[in-house]
Every structure is written in structure tokens, then in C-alpha cells.
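A look at the structure
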Amino acid sequence: VNVQIETQGTAVVVKPSGRLDFAAASAFQAQMDEVLSGSGQPPAAVVIDGAGMEYISSAGLRVFLVAARAAKMTNTQFVVCGLTASVREVFEVSGFDRIVTLKATITDALSALERPAN
Amino acid sequence: MMMISLVEELALLTIEDDGSLAPTADSVGFRFCMIGACLIELNQLGRIDVDLEAIHVLSREPVGHAALDLVLQQLHTESPQPATAQIRRLSAFSDDLIDLAIGSLVQRGIIDQQEKRFLWVLKTRRYPVIDGKEQTEAKLRILSLLLSDDLPTPHDSVLIGLADAGGVLEGFLSGTEIARLQDRLQQIGSLDLIARCVEKAIQAERELMGQISLIRTF
């Protein structure tokens, strides 16, 4: 899996592309750990734009649970967006839509983020 | 000491205070859960991967855990098959898996194995927990997650989901409590494709049993 990481406002946007299977899961997990730890200063929000993700297996899905859990522990908002129909089906079948906010597009995801209080 | 595996933890949770196995250990649901637990661990160890279509065997190399290696050997590889079909087929080995998991717990000094005779003839086997630390710790972890809004680790999510599907929670939670916690169980249990397939396989099996008993009635 190829991963692009960029910052949009207060959010870190992670864009994985390709197949997220067992072979790719540990490298993606390491990247997510790095993003979520933010070198000691966790980001306010992390958005995973899954538009380029063609496939996800059970092993790939586990990365999302570990990441969502880590985000919750540091009060980092965590949103997943742009999933293709087949990947979204995997999220729904395994119940991830109950613990992770899913949005159709990156624009929807960024607008759904709560603004930090002044 | 090596960490307790999912399959061992599920077996440990079926051991009652007097050392007997809870009746649920003999149920179809629990048998399917033991297969699911092995598949989940084989997935974590990189021997298989699973998607909505099938279980894909990535490597046949033994992992050094008797129960997991038994399941790995028995997986069909000629053509990948759906997880639910494999779970139902593999349930033929569930008695062996329960024995292996219990044997491993005995070997690790977590439970004891005692044989007694009832009325001098009938042999009964008990597995009293030795200091109860691992069993209590597993129950507390489950309860603390069910009563909070924390997200579970992947291990705890499948432990909760499989313990619920296999009737294991009934050993330490009342029916009323389980009913009250249903939304939370649905939310954090079985956040895993394999665990969902186990639930589907149990449901299909129960429907089949229902149909069979209906046919017998008429």
C-alpha cells in the first residue's frame, strides 16, 4: 500500500492507496502510529481518505481499530472518508461503521471536524 | 510466561468455580467460537488472511501452538472457500481444540486437572483454576470495556464478541445484564471479519436446527 500524508488546517490527512492486506498492514500500522503520536504532540484530527484503497482484508481492518483506539485515547478526532463501495461493505459487515465516523468525501470529512474552542 | 492466547482465554472463561466446564462449552455456538478464535490468531500470525469472499492460506508453516496448527492443517487450500463454510466444516475438530486448549492451560499452571469418581463408578474430570488471576483478569477486562466508552484492543473486541456468541458471558453476567448491555456488545464486540463470520455461521446453524426440529414435529 502506498501512503500519502498531508496537513489540511488542523487535520492530518492520510491517503492510503492500493491493497490493504496482511502483507501491507504492518507498514501501514507503523505509519498510522507515527501520525497519531505526532512526535509527542498528537494532532487535533486525523482523516483517512480511503478513495484510493482498492481492497481491505481482516488484517487491514485491524489497523483501523488500533488507530481509532489510539486516537480516542489522545482525544484526536478520527474520520474515515471516500471509501469505495466494496471497502465500505467490509467496514459495515464488520461493524466499524459503529465506532468510526464515515463520510462520503474528504470535503464532508473536513467539515465534520469539530473546530477547536478558542 | 507467554501471553495467554485467545483460544485458551475463551476455554478458561468456561471453567466454573467448582472446576467443571460450563454447559455452554458443549454448545454449537461455543464450538464455532473456538474455531473462530483459532482463525483469528492464525490471521494475526500471518498464516491466513480473510475477506468477504474467502479464507486465503498464506503459509502452512506451523506456529507451534497445537490448537492453531490443527486448524491450519485442516484448512482447504485447493480453492479458497468462504469463512462461514470453513467454520462449519472445521467444527468437527472443536472437541479436539477444547481438549488442546484445556491441556495447554494445565501445562502452563493456570488450571489443575483432577479426576474423581461419582458413586465409585462414573469418572468426572474437573479443572479448578489455580490462583484465578488470569480468569479474573479476563472477566474484569471484559466488564470494564462493557461499562465504559473506551474502544477495545483487537484481542479484547473479538474476545467479547466470541464470548457473547458462544454463551460464555452467561457464566458471569445475568441474562438481564446481558440484555441491558446489548447495544454496547453490538458496538465493540466482534470488530473483525472472522468473528462476524462466526456469528453468521452460528445463526445459520441455529436456523437449520430449528427447521429440522420443525420437520420432526410434523
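Source: prediction; values computed, not measured. (Residues numbered from 1 in each chain as written. Chains lettered and ligands numbered in written order. Predicted model: local features only at pLDDT ≥ 70, side-chain atom pairs only at ≥ 80, totals over all residues. Heavy atoms only, no water.)

**Digging into the overall build of chain A**
Secondary structure summary: chain A contains 4 helices and 6 strands in total. Reading the secondary structure of chain A in the N-to-C direction produces β-β-α-β-β-α-β-α-β-α. The C-alpha radius of gyration of chain A comes to 13 Å, within 12% of the 13 Å expected for a compact globule of 118 residues. Judged by the C-alpha coordinates and their principal axes, chain A covers about 40 × 25 × 25 Å. (Helix = DSSP H or I, 4+ residues; strand = E, 2+ residues; numbered from the N terminus. Rg over C-alpha atoms; globule rule 2.2 N^0.38 Å.)

**A look at the confidence of the model for chain B**
Residues and elements named next belong to chain B. Per-residue pLDDT for chain B has a mean of 92; in total, 99% of the residues score no lower than 70. When mean pLDDT is compared element by element in chain B, helix H1 (residues 6-13) scores highest at 97, while strand S3 (residues 114-118) scores lowest at 81. For this predicted complex, the interface confidence comes out at an ipTM of 0.92, alongside a pTM of 0.92. (pLDDT = per-residue confidence, 0-100.)

**Brief notes about the packing of aromatic side chains**
Residue and element names in this part refer to chain A. All told, the structure shown has 3 aromatic pairs over all chains when counted by the stated rule. Relative to Phe64, the ring of Phe28 has its centre 6.1 Å away and its plane inclined at 50°; by these criteria the two rings are tilted. With Phe28 in helix H1 (residues 22-37) and Phe64 in helix H2 (residues 58-73), this residue pair connects regions lying 36 residues apart in the sequence. Each of the two residues, Phe28 as well as Phe64, counts as buried. Ring geometry for Phe64 and Phe91: centres 5.0 Å apart, planes at 80°, overall edge-to-face. Residue Phe64 is found in helix H2, and its partner Phe91 is found in helix H3 (residues 85-93); the two are separated by 27 residues along the sequence. Phe91 carries the same exposure label as Phe64, and that label is buried. (Phe/Tyr/Trp six-rings, centres within 6.5 Å; stacked < 30°, edge-to-face > 60°. Buried < 20%, exposed > 50% of the residue type's maximum accessible area, 1.4 Å probe, protein only.)

**Overview of the packing of helix H2 (residues 28-44) of chain B against helix H4 (residues 83-90) of chain B**
All names here are of chain B. Running from N to C, H2 and H4 point in directions that differ by 120°, and their axes come no closer than 9 Å. Classified by the angle their axes make, H2 and H4 are oblique. Read as a crossing pair, H2 and H4 show a hand that is right-handed. Side by side, H2 and H4 meet where Phe32, Ile35 and Leu39 of the first sit next to Ile87, Arg88 and Leu90 of the second. When its residues are assigned to classes, the contact of H2 with H4 shows 5 nonpolar, no polar and 1 charged. (Axes fitted to C-alpha atoms, helices over the stretch in contact; angles between N-to-C directions. Parallel < 35°, antiparallel > 145°, perpendicular 65-115°, else oblique. Left-handed = near helix turned anticlockwise from the far one by under 90°. Contact = heavy atoms within 4.5 Å. Nonpolar A, V, L, I, M, F, W, Y, C, P; charged D, E, K, R; others polar.)

**Re the packing of H2(B) against helix H7 (residues 154-165) of chain B**
All names here are of chain B. Relative to each other, H2 and H7 sit at 160°, their axes nearing to 8 Å. As judged from the angle between their axes, H2 and H7 are roughly antiparallel. Note that H2 runs across H7; the crossing there is right-handed. Along the contact surface, H2 presents Gly29, Cys33, Gly36, Ala37 and Ile40, while H7 presents Val158, Leu162 and Ala165.

**Examining the nonpolar core**
Leu10(B), Leu39(B) and Leu162(B) are the most contacted members of the largest nonpolar core, which totals 63 residues. With 10 residues, the top contributor of residues to this core is H2(B). Setting aside its immediate chain neighbours within four residues, Leu10(B) contacts Phe30(B), Cys33(B), Met34(B), Ala37(B), Leu159(B), Leu162(B), Ala163(B) and Val168(B). Leu36(A), Val46(A), Val63(A) and Val90(A) belong to the second-largest nonpolar core, a separate cluster that totals 35 residues. (Core = buried A, V, L, I, M, F, W, Y, C linked by side-chain atoms within 4.5 Å.)

**Focus on the side chain of Ser94(B)**
Residue and element names in this part refer to chain B. Here Ser94 lies in helix H5 (residues 94-107). Taking relative accessible area as the criterion, Ser94 reaches 0% and is therefore assigned buried. Among the polar contacts listed, one links the side chain of Ser94 to the side chain of Arg31, at a separation of 3.3 Å. At a separation of 2.8 Å, a polar atom in the side chain of Ser94 contacts the main-chain carbonyl oxygen of Ser91. (Polar contact = N/O pair within 3.5 Å; in protein donor to acceptor, adjacent residues only side chain to side chain.)

**A look at the interface of chain A and chain B**
Facing 22 residues of chain A, the contacting portion of chain B comprises 26 residues. At the surface where chain A touches chain B, the tally comes to 2 salt bridges. Taking the shortest distance from any N to any O, the salt bridge between Arg62(A) and Asp192(B) comes out at 4.0 Å. Residue assignment for the side of chain A that touches chain B shows that the elements contributing at least two residues are strand S4 (53-56), H2 and H3 of chain A. Among the elements that line the side of chain A that touches chain B, the one with the most residues is H2(A), at 9 residues. (Salt bridge = Lys/Arg side-chain N within 4 Å of Asp/Glu carboxyl O.)

**Examining helix H3 (residues 66-74) of chain B**
Buried within H3(B) we find Ala67(B), Leu68(B), Asp69(B), Leu70(B), Val71(B) and Leu72(B). The secondary structure elements touched by the buried residues of H3(B) are H2, strand S1 (48-50), H4 and H5 of chain B.

**Quick word on the pairing of strand S3 (residues 45-49) of chain A**
Residue and element names in this part refer to chain A. The buried fraction of S3 is high, at 5 of 5 residues. Burial of the side chains of S3 extends over both faces: Ala45, Val47 and Asp49 are buried on one face and Val46 and Ile48 on the other. Bridging between strand S2 (residues 11-20) and S3 involves 4 bridges; their strand directions are parallel. Bridged to Val12 within S3 is Val46. Handedness of the crossover joining S2 and S3 through H1 is recorded here as right-handed. As defined by bridge partners, S3 adjoins strand S5 (residues 77-81) across 5 bridges and the pair is classed as parallel. When the sheet's bridge partners are listed, Ile48 is paired in S5 with Val80. (Pairing = 2+ DSSP bridges. Right-handed = clockwise from strand over helix to strand, strands pointing away.)

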